[in-house]
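Residue strings, one per chain:
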Amino acid sequence: MKASKLIETKEHFKANIPSGWWIRFGETFLEDLKEVLTEHDCLEKAEVGDIKEKYGSLTFDLYNGPEDWREHQAAWEYISEHTCVRCGAFPVKMRDDGWMLPWCEECFRKHLEENKDGRNAEELTIDNEEQKDYINYPINNNETGKADMRPYYKKINYEVRQ
Ligand SMILES: [Zn+2]
C-alpha cells in the first residue's frame, strides 16, 4: 500500500493497531510520517507493509522511505510499548498474561476478569526499569544513545519533566 494512501485514509492504520494506540498517538503518528516523507521527497514512492502489534510493540514496515525515519520509528515503538492497548493511558507497564502487552492497571484487571483469569494483576506485571528511566529522564543524552524523546512526548501531550 502506498504510504500516501495510508496517511490520507487513516482507516487501514486504525484497523491494524490496538484501539488504545489509535486513541493516544494514531493521528500524530501519521502526521509525523507525512512530515518526514514530505521533507525527504518520498511521499509518493514510499510503501507500507506490515502494520501490527507484536510483543507489545508497534511493527510498522516502511519501504523506500528515508534513512531519517529510523529514529522516528524507534521513538514510536518506544511510545507504543508504554501506551495502554485499550484506553491509551500513558505511560503504563508491560503485562504478560501469556500475551505481552502494555496495559494500564485498570484495563488489565478488567481484561483478566473478562477472561475469568484467576491470576492477579501484580504477578503478571513486568516491572521494567526502563519505564522508570522513561518517566524520570525523558531526554536523550548521548550517553545512553537513546533517541531524543522530547518532541514525541510533546506531540502526544505528555508533560516532559526535566
Ligand atoms: Zn487502560
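Structure's up top.
The text that follows walks through the structure, step by step, so that each part is easy to find. (Residues numbered from 1 in each chain as written. Predicted model: local features only at pLDDT ≥ 70, side-chain atom pairs only at ≥ 80, totals over all residues. Heavy atoms only, no water.)

**What about the coordination of the zinc ion?**
- Only Cys84 (SG), Cys87 (SG), Cys104 (SG) and Cys107 (SG) from the protein reach the zinc ion as donors, at distances of 2.3 to 2.4 Å.
- Around the zinc ion, the four donor atoms sit at angles spanning 99 to 116 degrees, and that spread fits a shape best called tetrahedral.
- Sequence positions of the residues that donate to the zinc ion give the spacing C-x2-C-x16-C-x2-C.
- With relative accessibility at 35%, the residue Cys87 sits in the partly exposed group. (Donors = N, O, S within 2.8 Å, 3.2 Å for Na, K, Ca; no water. Tetrahedral: all angles 85-135°; square planar, octahedral: opposite > 155°, others 65-115°. Buried < 20%, exposed > 50% of the residue type's maximum accessible area, 1.4 Å probe, protein only.)

**Comments concerning the environment of Tyr158**
- Locating Tyr158 in the fold gives a position in the segment after helix H7 (150-155).
- Overall, the relative accessible area of 12% leaves Tyr158 in the buried class.
- Expressed as a C-alpha distance, the spacing of Tyr158 and Phe90, which sit 68 residues apart in the sequence, is 8.0 Å. (Helix = DSSP H or I, 4+ residues; strand = E, 2+ residues; numbered from the N terminus.)

**Observations concerning the sheet that holds strand S5 (residues 125-126)**
- Spatially, the three strands line up as an open sheet ordered S4-S3-S5, and their pairing is antiparallel. The sheet terminates laterally at strand S4 (100-103) and S5, the two strands that pair on one side only.
- Inspection of the sheet shows strand S3 (residues 93-96) paired to S4 by four bridges, in the antiparallel sense. Note that in S4 the partner of Asp96 across the bridge is Met100.
- With respect to the sheet, helix H5 (residues 105-114) is in contact with S3 and S4, its orientation differing from that of S4 by roughly 130 degrees. (Pairing = 2+ DSSP bridges. Contact = heavy atoms within 4.5 Å. Axes fitted to C-alpha atoms, helices over the stretch in contact; angles between N-to-C directions.)

**Some points on the side chain of Thr125**
- Positionally, Thr125 belongs in strand S5.
- Polar side-chain contacts of Thr125 include one of 2.7 Å to the side chain of Arg95.
- Here Thr125 is in contact with Lys93, Met94 and Arg95, once residues within four sequence places are set aside. (Polar contact = N/O pair within 3.5 Å; in protein donor to acceptor, adjacent residues only side chain to side chain.)

**Remarks on the packing of aromatic side chains**
- Under the criterion given, the structure shown has 12 aromatic pairs.
- Centroid distance Trp76 to Tyr152: 5.5 Å. Interplanar angle 85 degrees. Geometry classified as edge-to-face. On the criterion of sequence distance, the pair formed by Trp76 in helix H4 (residues 69-80) and Tyr152 in helix H7 is long-range, its members being 76 residues apart.
- A relative accessible area of 5% places Tyr152 in the buried class.
- Connected via pairs of aromatic rings, a cluster forms that spans Phe13, Trp21, Trp22, Phe25, Phe29, Phe60, Trp69, Trp76 and Tyr152. (Phe/Tyr/Trp six-rings, centres within 6.5 Å; stacked < 30°, edge-to-face > 60°.)

**Details of the pairing of strand S1 (residues 47-54)**
- Pairing analysis gives six bridges linking S1 to strand S2 (residues 57-63), with the strands arranged antiparallel. Of the residues in S2, the one forming a bridge with Ile51 is Phe60.
- Here S1 hands over to S2 after two residues, with Tyr55 in that stretch at a positive phi of 50 degrees.

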